[in-house]
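Breakdown of the fold
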Amino acid sequence: MYDQNNIFARILRNEIPCQKIAEDEWFLSFYDVAPKAVVHALVIPKGPYKNIHDFISNAEAERVVCFWKGVDTTITLLSLKENGYRLIENTGNNSHQEVPHFHVHILGGQDLGPKLVKS
Ligand code: AMP
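Quick look at the structure, then. Computed from a predicted structure; not experimentally measured.

What counts, and where the lines are drawn
- Residues numbered from 1 in each chain as written.
- Predicted model: local features only at pLDDT ≥ 70, side-chain atom pairs only at ≥ 80, totals over all residues.
- Heavy atoms only, no water.
- Near = heavy atom within 4 Å.
- Polar contact = N/O pair within 3.5 Å; in protein donor to acceptor, adjacent residues only side chain to side chain.
- Areas by Shrake-Rupley, 256 points an atom, 1.4 Å probe, with all protein chains shown as cover.
- 1 Å grid on protein atoms, 1.4 Å probe; cavity = no way out; pocket = protein on both sides within 12 Å on 5 of 7 lines; lining within 4 Å.
- Sits in = over half its atoms within 2 Å of the grid points.
- Helix = DSSP H or I, 4+ residues; strand = E, 2+ residues; numbered from the N terminus.
- Nonpolar A, V, L, I, M, F, W, Y, C, P; charged D, E, K, R; others polar.
- Patch = residues over 30% accessible without salt bridge, like charges linked within 9 Å, V, L, I, M, F, W, Y side chains within 5 Å.
- Salt bridge = Lys/Arg side-chain N within 4 Å of Asp/Glu carboxyl O.
- Buried < 20%, exposed > 50% of the residue type's maximum accessible area, 1.4 Å probe, protein only.
- Pairing = 2+ DSSP bridges.
- Axes fitted to C-alpha atoms, helices over the stretch in contact; angles between N-to-C directions.
- Contact = heavy atoms within 4.5 Å.

Some details on the site of the ligand
As a structural note, the neighbourhood of the ligand is formed by 16 residues, with Asp32, Asn90, Glu98, His103 and His105 the closest of them. Within the contact set of the ligand, an oxygen atom lies 2.9 Å away from a side-chain nitrogen or oxygen of Asn90. Backbone polar atom of Glu98 to an oxygen atom of the ligand: 2.7 Å apart, as the coordinates give it. Protein burial of the ligand: of its 510 Å² of free accessible surface, 87% is covered by the chains. The site holding the ligand turns out to be the largest pocket. Put simply, the parts of the chain that give the shell around the ligand at least two residues each are helix H1 (7–12) and strand E2 (27–31). Here the shell around the ligand is composed, by residue class, of 9 nonpolar, 5 polar and 2 charged.

Written out as structure tokens, the structure reads:
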């Protein structure tokens, strides 16, 4: 079940502001409010999808393609292609997903170090 009141749904309804990077009819990208790198952006589809499986299973093909083009557009606008970046998508409890609306994190602007730090 998709939570219509999650924070990204509210951003899409313009109920709360965001620092927008790019937008079209399919996606919205904006800066993460608590950045974990020099550049930390989020890309979300404009539709009620709680995670990547929900999105791939239930969104029409054009929506899926245009979302990933939105990721590419955002990376280009942030000038991250030359030095590289990292994409993260969290799903479920083990990943500590906080917001139940499918989103991709784009991290860059610095050396990001190893993928995971062992605890
Ligand atoms: P995740 O753990 O993958 O669900 O990540 C959710 C991300 O959303 C976190 O990195 C938060 O810092 C970020 N976040 C939460 N609320 C907002 C907001 N209002 N604007 C921008 N980013 C947000």
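Description of a nonpolar patch on the surface
A grouping of Ile56, Trp68, Tyr85 and Leu87 is seen on the molecular surface, where their side chains present a nonpolar patch of about 360 Å² in accessible area. Ile56 sits in the partly exposed class, given a relative accessible area of 46%.

What about the sheet that holds strand E4 (residues 85–88)?
The strand order across the open sheet formed by 5 strands is E1-E2-E3-E5-E4, and the pairing between neighbours is antiparallel. Looking at which strands have only one partner, the edges of the open sheet turn out to be strand E1 (20–23) and E4. Going from strand to strand, the sheet's axes swing by 20° on average, the running direction of each strand aside. In the sheet, E4 pairs with strand E5 (residues 104–108) via 4 bridges, with the strands oriented antiparallel. Bridging from a neighbouring strand, Leu87 pairs with Ile106 of E5. Strand contacts of helix H3 (residues 61–77): E1, E2, strand E3 (39–45), E4 and E5, with the helix running at about 160° to E3, the strand carrying the most contacts.

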